[in-house]
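Coordinate inspection notes
The residues making up each chain are set out below.
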Amino acid sequence: MSVAGFDIGNENCVIAVVNPGGMLDVLLNDESKRETPAVVSFSEKQRFLGSTGATSAMMNPKSTISQVKRLIGRKFGEADVQNDLKLFPFETSESQDGGILVRLEYLGETHTFTPVQILGMLLSNLKQITENSTNKPISNCVIGIPCYFTDVQRRAYLDAATIAGLKPLRLIHDCTATALGYGIYKTDFSNVGPTYIVFVDIGHCDTQVCVASFESGHMKILSHAFDANLGGRDFDEILFSYFVSQFKEQYNIDVYTNIKASIRLRASCEKLKKVLSANAGAPLNIECLMNEKDVKGFIRREEFEKLSSGLLERIKIPCQKALAESGLDVEKIHSVQLVGSGSRIPAISKILSFLFNREPSRTIDASECVAHGCALQCAMLSPLFRVREFEVQDSFPFSIGFSSDKGPICTLSNGMLFPRGQPFPSVKILMLYRTNTFQLQAFYADQNEPLSVASSQISSFTIGPFQTSHAEPARVKVRVQLNLHGVVNILSASLIEDFLDNSARGNAHSTSEEDAISHHASATSDAEEGIVRKGKLTKRMIPVNESVYGGMTKAELSEAVAKEHQLVQQDLKMERTKEKKNALESYVYEMRDKFSNMYRAFATESEREGISRNLQETVEWLYEDGVDESENVYTVRLEDLKKLVDPIENRYKDEEARAQATKDLLK
Ligand code: ATP
Ligand code: K
Ligand code: MG
């Protein structure tokens, strides 16, 4: 059994696997490419995913969804979201809880899908590619996520994986995955103190930076920083607006007003940007862009760099932040590793060279490194593999606080539950005094941290019901976890009561009834269920219910799983229909050929006439009335034809057999 690592990009997805022999491999998709476009396209009767989806983008712009990663776990009303939606040709609307719905026509009806469902489709395609390639079912995987993903976005990824039938052993920060892949097999780290490396990943829509410290057998992430709205796409947009205004002047057309023209010009600008990475200038030619006009343009790299200077400056900011937060001076940095295909613009290397006083290194595979790291991490977490001992310590980029219905417990001013930079997974213990059911809330505690969602609320937990044996509040011990995915949850809550006599109890409580947090909790649990007696202390487990702000309920998730199953059945049905139609078509052509050659002598004149009329009719039918029929109709038609042809085919075969027997006798 192999384990897989998935890098889900806004533009490209990459799949890496570790094979049972321990080999790391990047898989090829149906088109033999190592990168699979992150696209889902709904045609009239079936979906096209990945590379086939990208092909239909131009024909089907309104039902082709790309960059769905931008919409995961977000609210329709957020300003960033609205900016993105303006760029997308597909239609969206606001869901009842303020989320985003993608609306499209499919199978003659209007359908709505959440971004999580669309992501589920993409993951399901990656799973399919992996299974086709390894010939084994897979479910264990590790998926890369941007470090700036909030709790609800991380949970959304886990839900999408469930929809796709995958089991992520970990969601890992993109840069952490890259750093892991970089460090695990390196043997030349210095023996005197750690080696510090900066990783800069510029993708299609975002920029992420981390500073990592490596020692033999150990890697520690010191800091993460990011700009969630700065990537290759923004450079395309610079070229796009440049040519839109050029064409307005030159050809008197406004590309902004035409969806198809906008899509075509954007695609051409992206190509042109890539040409500019290797050439000092590049032309742009589009036939019949709009109003039957062919357009021509040209831009020099220098001009492009000048227009992009604002974006280039912005790349410095997360780099400076990451460095500052790591507490290191530039001189301490051993190297800067530049990855992500968005970073292939030469001016980016230049600006980073100035910033870090050294040329960034491009020795890591810029497009595959995240997937590599994910696959390696998956092998490390899987009991089926033995991987070189290598400790990965990641750091959490946000500060998490807790409050209860009695008020704040851990906040920015009195100490966060999980402060920014917290190594995770991590478990902390809250000690609370309560008489009955109560609520706890997790929230992002530092307003200065740039969140990619509008709300600082994370989730709310109901602890209870429970009953205390005495009238006074009893001690409730709550174990809170920031888990391997970077998701906050409550591992357990338990009621701890003592059985001292009344006077002693009174004394004990007067000193310790404040809500408190223990920062040095051990991750080992006492007992998961039931009552544990420890001397005079009794411990009873209390039920915990969590409700995630903006997340999916269990019922919604199982509905989505069922829906995806239906969609898959429809796709399979259409695939089978295509196969049946192809089978009929090739049978007709094959028989036409055979009846004019080898079968000719074995049919009577009237048989021949009847069959060839039938074959001709079938060909015409296939291109007219029968162009879009059901699986069954093609099957029946083929069977009917075979009934006519079989007797003649049998005569021919008998004759063949006789001739062969005679030949054998004569040998
Ligand atoms: P994200 O990380 O934002 O989710 P992604 O992982 O899909 O997106 P990448 O595949 O790393 O992104 O990079 C895609 C970007 O790289 C696109 O904007 C693409 O135009 C750009 N790109 C690819 N090749 C080049 C090149 N030769 N020169 C400049 N840009 C390039
Ligand atoms: K990618
Ligand atoms: Mg990426």
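Refer to the structure presented above.
Residues numbered from 1 in each chain as written. Chains lettered and ligands numbered in written order. Predicted model: local features only at pLDDT ≥ 70, side-chain atom pairs only at ≥ 80, totals over all residues. Heavy atoms only, no water.

A word on the packing of aromatic side chains. If you walk through the whole model with that rule in mind, you get 25 aromatic pairs. Measuring from centroid to centroid gives 5.0 Å for Phe42 and Tyr106, while their planes differ by 75 degrees, and the two rings are edge-to-face. Of this pair, Phe42 sits in strand β5 (residues 39-42) while Tyr106 sits in strand β9 (residues 100-106), and the two are 64 residues apart along the sequence. Summarising the burial analysis for this pair, Phe42 and Tyr106 share the class buried. On the basis of an interplanar angle of 80 degrees and a centroid distance of 5.0 Å, the ring pair of Tyr242 and Phe243 is categorised as edge-to-face. An identical accessibility class is assigned to Tyr242 and Phe243; each is buried. Every member of this aromatic cluster is reached through a ring pair, and the members are Tyr148, Phe149, Tyr157, Phe226, Phe396, Phe398, Phe424 and Tyr444. (Phe/Tyr/Trp six-rings, centres within 6.5 Å; stacked < 30°, edge-to-face > 60°. Helix = DSSP H or I, 4+ residues; strand = E, 2+ residues; numbered from the N terminus. Buried < 20%, exposed > 50% of the residue type's maximum accessible area, 1.4 Å probe, protein only.)

Now for the coordination of the potassium ion (ligand 2). Looking at the potassium ion (ligand 2), one finds its protein donor set to be Asp7 (OD) and Asn12 (O), positioned 2.8 to 3.1 Å from the metal centre. Between the potassium ion (ligand 2) and the magnesium ion (ligand 3) the interatomic distance amounts to 3.7 Å. Accessibility expressed as a relative area gives 11% for Asp7, which makes it buried. Classification of Asn12 as partly exposed rests on a relative accessible area of 22%. (Donors = N, O, S within 2.8 Å, 3.2 Å for Na, K, Ca; no water.)

On to the sheet that holds strand β20 (residues 400-404). A sheet is described by the order of its strands in space; here 5 strands give the open sequence β21-β20-β24-β25-β31, paired in antiparallel fashion. Both outer strands of the open sheet, β21 (407-410) and β31 (544-548), are each paired with one neighbouring strand and no more. Here the average twist between neighbouring strands, direction ignored, is 25 degrees. Sheet analysis places strand β25 (residues 457-463) next to β31, joined by 5 bridges and oriented antiparallel. By the bridge assignment for β31, Ser460 is matched with Ser547. Its contacts with the sheet place helix α4 (residues 151-164) against β24 (438-444), β25 and β31, and it is angled at close to 100 degrees to β31. (Pairing = 2+ DSSP bridges. Axes fitted to C-alpha atoms, helices over the stretch in contact; angles between N-to-C directions. Contact = heavy atoms within 4.5 Å.)

Glancing now at the nonpolar core. Core analysis: the biggest nonpolar cluster contains 84 residues, and Phe6, Leu123, Phe402, Leu430 and Leu440 have the highest contact counts within it. Examining the composition of this core, we find that 8 residues originate from one element, helix α3 (residues 115-134), more than from any other. Counting residues in each nonpolar core, the second largest holds 49 residues, with Tyr196, Val198, Phe304 and Ala322 among its members. (Core = buried A, V, L, I, M, F, W, Y, C linked by side-chain atoms within 4.5 Å.)

Below, the discussion takes up helix α6 (residues 232-251). The terminal C-alpha atoms of α6 lie 28 Å apart, and with 20 residues this matches the ideal 28 Å at 1.5 Å per residue to within 8%. Residues of α6 that are buried include every one of Gly232, Arg233, Asp234, Phe235, Asp236, Leu239, Phe240, Tyr242, Phe243, Val244, Phe247 and Tyr251, and no others. (Expected span 1.5 Å × (residues − 1).)

It is worth spelling out the layout of surface pockets at this point. Volume-wise, the largest pocket comes out at about 1200 Å³. Taken together, 39 residues form the lining of the largest pocket, with Glu11, Ser66, Ile263, Ala267 and Glu270 sitting closest to its centre. Going through the elements one at a time, β4 (36-37), α1 (51-55), β7 (64-66), α2 (79-87), α6 and α7 (259-278) are the ones with two or more residues in the lining of the largest pocket. Considering each element in turn, the lining of the largest pocket owes the most residues, 8 residues, to α7. Per-class residue counts for the lining of the largest pocket are 14 nonpolar, 13 polar and 12 charged. In this structure, the second largest pocket spans a volume of roughly 780 Å³. Around the second largest pocket, the lining is made up of 37 residues, and of these Ser95, Asp97, Thr114, Met552 and Glu556 lie nearest the centre. When contributions to the lining of the second largest pocket are tallied by element, the ones reaching two or more residues are β9, α3, α4, β25 and α13 (554-596). The element that contributes the greatest number of residues to the lining of the second largest pocket is α4, accounting for 5 residues. Grouping the constituent residues of the lining of the second largest pocket by class yields 15 nonpolar, 12 polar and 10 charged. (1 Å grid on protein atoms, 1.4 Å probe; cavity = no way out; pocket = protein on both sides within 12 Å on 5 of 7 lines; lining within 4 Å. Points joined across faces, edges and corners; volume = space filled by probe spheres on them. Nonpolar A, V, L, I, M, F, W, Y, C, P; charged D, E, K, R; others polar.)

The analysis is restricted to geometry; functional conclusions fall outside its scope.
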